Amino acid sequence: MTAEASGQESGPATVQAAGQGDASETGRAAEHRDGPATAQGTGQGDAPPAAPPAEPGAGRIRRFAWFSWLVAAAGLSVCALAFSPSLIPRPWPFQALLAGLSFALGAWLAVAVRWAWRWLELPEPARLGARRAGQALTLAAAAGLAAALWRSADWQNATRELMGMPPVESMFHVRTLLAAAALALVLLGLGALLAWGLKTAARAPLRVSQRRAASAAGVAAFVALLVTAVDGTLVRGAVALIDQVQAAVDVADPPGAQPPAEPERSSGPGSLIAWDDLGRAGKRFVHEGPRAADIEAASGRPARQPIRAYVGLRAADDVEAQARLALDELERAGGFERNILVVATPTGTGWLQNEAIAPLEYMHDGDTAVVGVQYSYLQSPLSLILEPGLAQASAREVFAAIHARWRELPEATRPRLYVFGLSLGSLGSEASLPLNAWVRDPIDGALWAGPTFRNPFWRQIRRDREPGSPDWRPVFEDGALVRVLGPSRPEAAYGGPWGPLRIVFMANPSDPIAFFEEAMWWREPDWMKPPRGADVTPLFAWRPLTSFLLTAADMLSAADAPAGHGHDYAARDYADAWAAVTAREGWGPLDSARIAARIKATDPDVEP
């Protein structure tokens, strides 16, 4: 075999030999590129046999093989973190959602690191060593995931026991893993599609320019188009769909609900509000709750018909008109002639929890009036994001209208005035009080249940609490103005006297909506330090970033916890809180338990 023939077999890396001359410049350049594998020879003999050509794409396959192990290791590692403890027990569909998202996130991060590594032209690892390292890391990550699954049953069951829930079912982990794997595959497929688009956008400009700036410009243009398409089509379309669905839900009647027969309730005889204008939450509010006969049967004393006034979103054109209509409806029903008047700010959907209002009506023999105004039909998280400030604006208008009329009444005969809010409603209610409602013509008190972590007053009393009091049950200035009550701290625990104004926060220690903190991604929050709340498991250990993300995720399912835990507040705790706020003499925990049991008897879905 001649050197020329050998060069032909080796492709472009050939060394051409002449009988008496030196190799050509082309041959020397090829030899420099391909090293000793290229044939060398002279015209006097044959060259050594050339190595067989590599299969097309083999290098890419080997590179993908070792890198795929690293992607799997990253996905499994992040997925294991999704099974870490947090405040709220997770049902298997929610746990599968977190696990699938986490695996995909870990894999995407590994791909992003790989891209950055190659873009910076950092040295590539040896393939054999990288593949073995990737395999070892994947096995370690799989073992870590198995351990996390095993430990997750421990913390889930420990938390469930604290909340009075049954242990996880036997198929919990099987269902979780199967659903998580399916979700991860879908998300990885979408990620691969996005990666293809980015690669195509990066390579297209290189046809006209070899500068990296051109490639970066192509990627930037692709991302800009993608964001525009997603925001302009997918996001807005999704928001419009959610709006349509929620609007359709809002006009539907709750099961069993019908217009009330009592004139003291909105949409009843003589009411200024039509039944169809109440919205779903308003219909439920005026349908539920005790009547005078129910209260008399519970107390053995004469009772009045409780007033429940409500203005739906469709009853007026704007917030100001709603506030005026609420004032007119309250006056029509005789609300300013009652002993107790409550301005209640509902949650995002307009919901006013019956378990929050009914105990007040029972303990004051129906001599009460409660008025609420719907400002949205979206769930509270959606309302907070898509309609920022709307809850506060609505609450300010409603309170200003009612407070102005209340101030005109003789001080000796006007009702005692209180404000109430649950969750997002507490945020709006806090913001509704002007300075004169605190100083010149002050209200008598406030009850704010499940305050959000953004409530300014709630944040202040936790930050400025007395030394030695835990963050989940803070004591603020001896409890003369503000007290925090809940299942693990009754009102009697304070001992000291109240001032002229009484404010009560209700906060379950396991409520992530009340205790989430933006800084907990890098700093352990005080409520996780001992002593902890009665329903927070000691297995929930703080971890940087992980605890932040899982506590944020807990907010999505916090309302599904049993009553008295998470973001679900129990009727007996409301009764204790109202007794403290309204200074109901002779009322004790046994009375609260009795009323809670009666509320449950009239509504089987209520937990006492």
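Source: prediction; values computed, not measured.

Conventions and cut-offs
Residues numbered from 1 in each chain as written. Predicted model: local features only at pLDDT ≥ 70, side-chain atom pairs only at ≥ 80, totals over all residues. Heavy atoms only, no water. Helix = DSSP H or I, 4+ residues; strand = E, 2+ residues; numbered from the N terminus. Buried < 20%, exposed > 50% of the residue type's maximum accessible area, 1.4 Å probe, protein only. Contact = heavy atoms within 4.5 Å. Areas by Shrake-Rupley, 256 points an atom, 1.4 Å probe, with all protein chains shown as cover. Pairing = 2+ DSSP bridges. Axes fitted to C-alpha atoms, helices over the stretch in contact; angles between N-to-C directions. Parallel < 35°, antiparallel > 145°, perpendicular 65-115°, else oblique. Left-handed = near helix turned anticlockwise from the far one by under 90°. Nonpolar A, V, L, I, M, F, W, Y, C, P; charged D, E, K, R; others polar. pLDDT = per-residue confidence, 0-100. Core = buried A, V, L, I, M, F, W, Y, C linked by side-chain atoms within 4.5 Å. Phe/Tyr/Trp six-rings, centres within 6.5 Å; stacked < 30°, edge-to-face > 60°. Lys NZ or Arg CZ within 6 Å of the ring centre and 35° of its normal. Salt bridge = Lys/Arg side-chain N within 4 Å of Asp/Glu carboxyl O. Polar contact = N/O pair within 3.5 Å; in protein donor to acceptor, adjacent residues only side chain to side chain. Patch = residues over 30% accessible without salt bridge, like charges linked within 9 Å, V, L, I, M, F, W, Y side chains within 5 Å.

1. A look at the overall build of the protein
Okay, so step 1: Scanning the protein from terminus to terminus reveals 19 helices and 7 strands.
Okay, so step 2: The buried share among the 608 residues of the protein stands at 48%.
Okay, so step 3: Relative to all contacts within the protein whose residues are 6 or more apart in sequence, the contacts with residues 24 or more apart total 71%.
Okay, so step 4: Only carbon and sulfur atoms are counted for the fraction: they give 61% of the accessible area of the protein, which is about 29200 Å².

2. Things to note about the pairing of strand β1 (residues 307–311)
Okay, so step 1: Counting buried residues along β1, 5 of its 5 residues qualify, which places the element largely inside the surrounding structure.
Okay, so step 2: On β1, burial covers both faces: Ile 307, Ala 309 and Val 311 on one face and Arg 308 and Tyr 310 on the other are all buried.
Okay, so step 3: Direction of pairing for β1 relative to strand β3 (residues 368–373): parallel, over a ladder of 5 bridges. Bridge pairing in β3 places Ala 309 opposite Val 371.

3. Quick word on the packing of helix α11 (residues 354–363) against helix α19 (residues 589–602)
What describes two packed helices is the angle between their axes and the distance between those same axes.
Okay, so step 1: For the pair α11 and α19, the least separation of the axes is 10 Å and the interaxial angle reads 120°. Judged by the inter-axis angle, α11 sits oblique to α19. Where α11 crosses over α19, the handedness of that crossing is right-handed. The residues of α19 that touch α11, namely those facing Asn 354, Ala 358, Pro 359 and Tyr 362, are Ile 595, Arg 598 and Ile 599.
Okay, so step 2: Split into classes, the residues belonging to the contact of α11 with α19 amount to 5 nonpolar, 1 polar and 1 charged.

4. Focus: helix α14 (residues 424–431)
Okay, so step 1: Burial of α14 is extensive: 7 of the 8 residues sit out of reach of the surface.
Okay, so step 2: Buried residues of α14: Leu 424, Gly 425, Ser 426, Leu 427, Gly 428, Ser 429 and Glu 430, and no others.

5. Structural notes on the confidence of the model for the protein
Okay, so step 1: With 80% of its residues at a pLDDT of 70 or more, the protein has an overall mean of 84.
Okay, so step 2: Predicted confidence is poor over residues 54–64, with pLDDT under 50, and the contacts of this stretch with residues over four places away or in other chains come to 4 contacts.

6. Concerning the nonpolar core
Okay, so step 1: Of all hydrophobic cores here, the largest spans 97 residues; its most connected members are Val 342, Ile 402, Phe 420, Leu 447, Val 504, Phe 505 and Tyr 574.
Okay, so step 2: Excluding residues that lie within four positions of it along the chain, Leu 447 makes contacts with Val 419, Phe 420, Gly 421, Val 504, Met 506, Tyr 574, Ala 577, Trp 578 and Val 581.
Okay, so step 3: If you look at the next biggest cluster of nonpolar residues, it comprises 14 residues, including Ala 73, Phe 83, Leu 145 and Leu 149.

7. Let's talk about the packing of aromatic side chains
Okay, so step 1: Applying the stated criterion across every chain, the model contains 13 aromatic pairs.
Okay, so step 2: Centre to centre, the rings of Phe 420 and Tyr 574 are 6.2 Å apart; their planes meet at 65°, and the pair counts as edge-to-face. Residue Phe 420 is located in strand β4 (residues 416–422), and its partner Tyr 574 is located in helix α18 (residues 571–581); the two are separated by 154 residues in the primary sequence. Here Phe 420 and Tyr 574 have matching classes, each one buried.
Okay, so step 3: The exposure class assigned to Phe 420 is buried, which follows from its relative accessible area of 1%.
Okay, so step 4: A network of ring pairs unites the aromatic residues Trp 438, Trp 448, Phe 457, Trp 458, Phe 505, Phe 515, Trp 527 and Phe 540 as a single cluster.
Okay, so step 5: We note Arg 405 situated over the ring of Phe 336; from NZ or CZ to the ring centre the distance is 5.9 Å.
Okay, so step 6: Taking the ring centre of Trp 498 as reference, the NZ or CZ of Arg 483 above it sits at 4.2 Å.

8. Here we look at the side chain of Ser 557
Okay, so step 1: Within the element layout of this structure, Ser 557 appears in helix α17 (residues 546–557).
Okay, so step 2: Given the relative accessible area of 7%, Ser 557 is considered buried.
Okay, so step 3: Those residues in contact with Ser 557 that sit more than four places away from it in its chain are Ile 88 and Phe 94.

9. A closer look at the pattern of salt bridges
Okay, so step 1: For the structure shown, the criterion picks out 23 salt bridges.
Okay, so step 2: With a closest N to O distance of 3.6 Å, Arg 463 and Asp 464 form a salt bridge.
Okay, so step 3: Note on Asp 464: relative accessible area 38%, which makes it partly exposed.

10. Concerning unusual backbone geometry
Note on backbone geometry: most residues besides glycine have negative phi, and most peptide bonds are trans.
Okay, so step 1: Here the bond from Pro 530 into Pro 531 is cis, since omega is 0°, no more than 30 degrees from zero.
Okay, so step 2: In this fold, Pro 531 is placed in the loop between α16 (512–515) and α17.
Okay, so step 3: Positive phi, normally seen in glycine, also occurs at Ser 423, with a value near 60°.
Okay, so step 4: The backbone of Leu 545 sits at a positive phi, close to 65°, despite the residue not being glycine.
Okay, so step 5: By secondary structure assignment, the location of Leu 545 is in the loop between α16 and α17.

11. Considering the environment of Asp 511
Okay, so step 1: Inspection of the secondary structure puts Asp 511 in the loop between β7 (502–506) and α16.
Okay, so step 2: Owing to a relative accessible area of 0%, Asp 511 belongs among the buried residues under this scheme.
Okay, so step 3: C-alpha separation for the pair Asp 511 and Thr 551, spaced 40 residues apart in sequence, amounts to 9.5 Å.
Okay, so step 4: Excluding its chain neighbours within four sequence positions, the residues that come into contact with Asp 511 are Leu 87, Gly 450, Gly 566, His 567 and Tyr 569.
Okay, so step 5: One polar contact links Asp 511 to Tyr 569, side chain to side chain, over a distance of 2.6 Å.

12. A short note on the pairing of β7
Okay, so step 1: In terms of residue burial, β7 counts as a mostly covered element, since 4 of its 5 residues are buried.
Okay, so step 2: Note: strand β5 (residues 445–449) against β7, 5 bridges, orientation parallel. Bridge pairing links Ala 449 to Met 506 in β7.
Okay, so step 3: Looking at chain direction, strand β6 (residues 482–485) and β7 are connected through 4 bridges and run parallel. Directly across from Leu 485, in β7, lies its bridge partner Met 506.

13. What to know about a nonpolar patch on the surface
Okay, so step 1: Together, Trp 117, Trp 119, Leu 120 and Leu 122 make up an exposed nonpolar region whose accessible area comes to about 420 Å².
Okay, so step 2: Tracing the backbone through its elements, the reader meets Trp 119 in helix α4 (residues 92–119).

14. Comments concerning the sheet that holds β4
Okay, so step 1: Sheet architecture is open: 7 strands sit in the order β1-β3-β2-β4-β5-β7-β6, paired in parallel fashion. Two strands close off the open sheet at either side, each with one partner strand: β1 and β6. Strand-to-strand, the axes of this sheet are offset by a mean angle of 15°, without reference to chain direction.
Okay, so step 2: Along the sheet, helix α8 (residues 279–287) contacts β1 and β3; its crossing angle with β1, the most-contacted strand, is approximately 170°.
Okay, so step 3: Seen against the sheet, α14 touches β2 (340–345), β4, β5 and β7 and runs at an angle of roughly 140° to β4.

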